[in-house]
Amino acid sequence: MSEMLLKEMEDLSLCHLSKEEQRVRERSFLLVDENETLQVKDETHFLQMLGCSAGQGVKVLSIFGNTGDGKSHTLNHVLFDGDEVFVTSQSPTSCTIGVWAAYDPHLGLVVLDTEGLLGASTQQNQRMRLLLKVLAVSDIAVYRTRAERLHNDLFQFLGSASFAYLKHFTPQLRALSTRCGLDVPLSNLGPAVVVFQETSRTQLLGHEGAAPADILLQKRFHDLGQSTEAFSSVQYVGTQTVSPPTNYTQLRTLITQQVKSTASRVPRQAAIVFSALQALSDRFCGEISDDKIGFCSFFPDEYFTCPSVCLSCNIRCKNGMNHQKDRVPHMADGLCQYAHQYSNKVLICKRCYEGGREVIVVPKTSASTDNPWFGLAKFAWSGYVLECPHCGIIYRSRQYWLGNQDPETSVVRPEVKHVWQGSEVFQTDHQNAAQRLLDGVNFVIQSVSEYSSGPTKAVTTWLTDQVAPPYWRPNSEITVCHGCGHEFEEVERKHHCRACGEGFCQACSTHSMPVPEQGWGLSPVRVCDGCHRRGGAAHTMPAQTEPRALVARRVTEVAQSTLDVVSTAVDYPLCFVKGVARPDYWVPDHEIIQCHQCTKAFTSSVPKHHCRACGQGVCASCSAQMRPVPSRGWDHPVRVCNTCVTHLDAH
């Protein structure tokens, strides 16, 4: 379609609004456009446009029906003595797009004129959802039909509206009632519905007198399998117009009675009406894809539920729209299917599950109470651990030399979880174990390539001195026992006292005791006879913090219980080891050009760091803080970026 043709169509639509119609528009105003966007800024603006005071109690009347059935004309004659408050037109195009509002000061009534059903619209889904929002804030809802017989679409529209109101809108209106401090919740009862039928030749419903028209109307709902449970009442008004004008007397009388009645609804301030409409607009908004809608109902669940689908099984989230604003996670009915790329199988502590709690446990290299280095050494000896925050360590993969049970048959319950766009990836393995090791190591990385039955004493002694605490005497300087003076042979084992750091033979260092002042914690460790008698080292300063060298020594002691002999030590370039150790969710180094936070370019003088929470590359100033990240397997404080610090602290 050419631009000239589009301009001509626009000019044509503008010329339809005559001066008289423009004057009419000044008495009513556009409240919500066809895109479901509120055109009123706030409560004050709403009151100003209506022309009523803040303390004035009002009720809300809305009108629905098919396009061309005279909804605007009906409102003008029933409530405004025939004045053209709402635009009417003889044009074949619809004269009401969106929702228009006006105020009737005589009845204290906010009047809402809606876009007609069955009219040509490029956004039919949004229009239908908008109509239900209007119905939800109304006290009186008039369904206007100009037909010789009541069609099924009338009953389906109202029945579907009743069901959707109870299912989707009741919680939102109840929450609003609490916030506004209302004595009667807005959600207790829906609006009073009035079905207004105009015929020209056909007799009206109930004309035979066998049963009242209202009873016959309810029977039609029942026969079609439709419920009107949400509405406070459903009444029928009919008029037969053989020759114009239409007689609106009975409809005007019934509306007046409903406005004055306080049996189910009482007048409320206009600001509360606006707040209700705004709350529903904020909650139920966004585009609705036609290919995901099944048109078996006027108001399918897709209009009001979260559009997110599980990435693994394609099941839709069952929560309401924008539920994440309330920090409610995605949920779906039915089982999910496992997908390797999402690793969406989780392990749930069986004892907690049987006690009514769902606690997900993650395979890790170390327990949360272990020092990172010491825990990694335990990993080399006894495998990965499963730790429950309530039950403690429930499983080690190599706890015994033989006969270790599969955790899924003993201590955990496997379950496949749904995967949602933007949610954290499931941490089901210990693939960041290597990176956790690198976080604690700043010197050359030793790697054992093979084991040998013949010990290589020189390599073992060298490795021991590499990781010894500073206060230990180096093995190369120990030639005799510090206790008895025994001269050590070449293959004889030298033992260090954990308290004083001197070298002793086996006979002079048989005792053990806690040495917390040197950073060894409360577990008993090897000490010499002299320190054991004195209860500790004679001249040692208490360790304020656990030195990295001491931690390394503790790792070696656990590792030596497994390996005993190191035959070769291989040095790998740090860049190679970092590449192999990089967790899957980390952005590769070669893709990181600038800081993800401040966009500062990385140079040789501005090193790049990885946030352990999101995996992005950041500079030192944007990642100066440390936090535990249990969801990623980091139980101890590690480097995180400023954005993730805020997110972690909020939770």
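Everything numeric here is computed off the predicted structure, so don't read it as measured data. (Residues numbered from 1 in each chain as written. Predicted model: local features only at pLDDT ≥ 70, side-chain atom pairs only at ≥ 80, totals over all residues. Heavy atoms only, no water.)

**Comments concerning the sheet that holds strand E14 (residues 412–416)**
Selection criterion: Two strands are counted as paired when DSSP detects at least two bridges linking them. The numbering of helices and of strands both runs from the N terminus, where a helix is a DSSP run of H or I of at least 4 residues and a strand a run of E of at least 2.
Judged by pairing direction, the sheet is antiparallel, and its three strands sit side by side in the order E10-E9-E14 without closing on themselves. Strands at the two margins of the open sheet, each flanked by one partner only, are strand E10 (360–361) and E14. Pairing of strand E9 (residues 345–349) with E10, which is carried by two bridges, proceeds in the antiparallel orientation. Within E10, the position partnered with Ile348 by the bridge is Ile360.

**Concerning the pairing of strand E2 (residues 57–64)**
In regular strands, side chains alternate between the two faces of the sheet. Filter applied, for reference: For every residue, the accessible area obtained with a 1.4 Å probe (protein chains only) is divided by the maximum for its type, and the residue is called buried under 20%, exposed over 50%, and partly exposed between those limits.
Taking burial as the measure, the eight residues of E2 include seven buried ones, the bulk of the element. Summarising the sheet, E2 and strand E8 (residues 268–269) pair through two bridges and their orientation is antiparallel. From the neighbouring strand, Val58 faces E8, where its bridge partner is Arg268. Bridge count for E2 against strand E4 (residues 109–114) is five bridges, and the pairing is parallel. Looking across to E4, one finds that Leu61 is bridged to Val111.

**Looking at the pattern of salt bridges**
Quick note on the threshold: In the sections that follow, a salt bridge refers to a side-chain nitrogen of Lys or Arg positioned within 4 Å of a carboxyl oxygen of Asp or Glu.
By the definition in use, this model includes 15 salt bridges. Among the salt bridges present, the one from Asp139 reaches Arg268, with a minimum N-O distance of 2.8 Å. With Asp139 in the loop between helix H5 (124–136) and strand E5 (140–146) and Arg268 in strand E8, this residue pair connects regions lying 129 residues apart in the sequence. The class of Arg268 is buried, set by a relative accessible area of 10%. The residue Asp649 makes a salt bridge to Arg627 at a minimum N-O spacing of 3.0 Å. One end of the pair, Asp649, is in helix H17 (residues 642–650); the other, Arg627, is in strand E23 (residues 625–629), and 22 residues separate them in sequence. If you follow the salt bridges from partner to partner, you end up with Glu358, Arg413, Glu415 and Lys417 in one network.

This is a description of form; function is not addressed.
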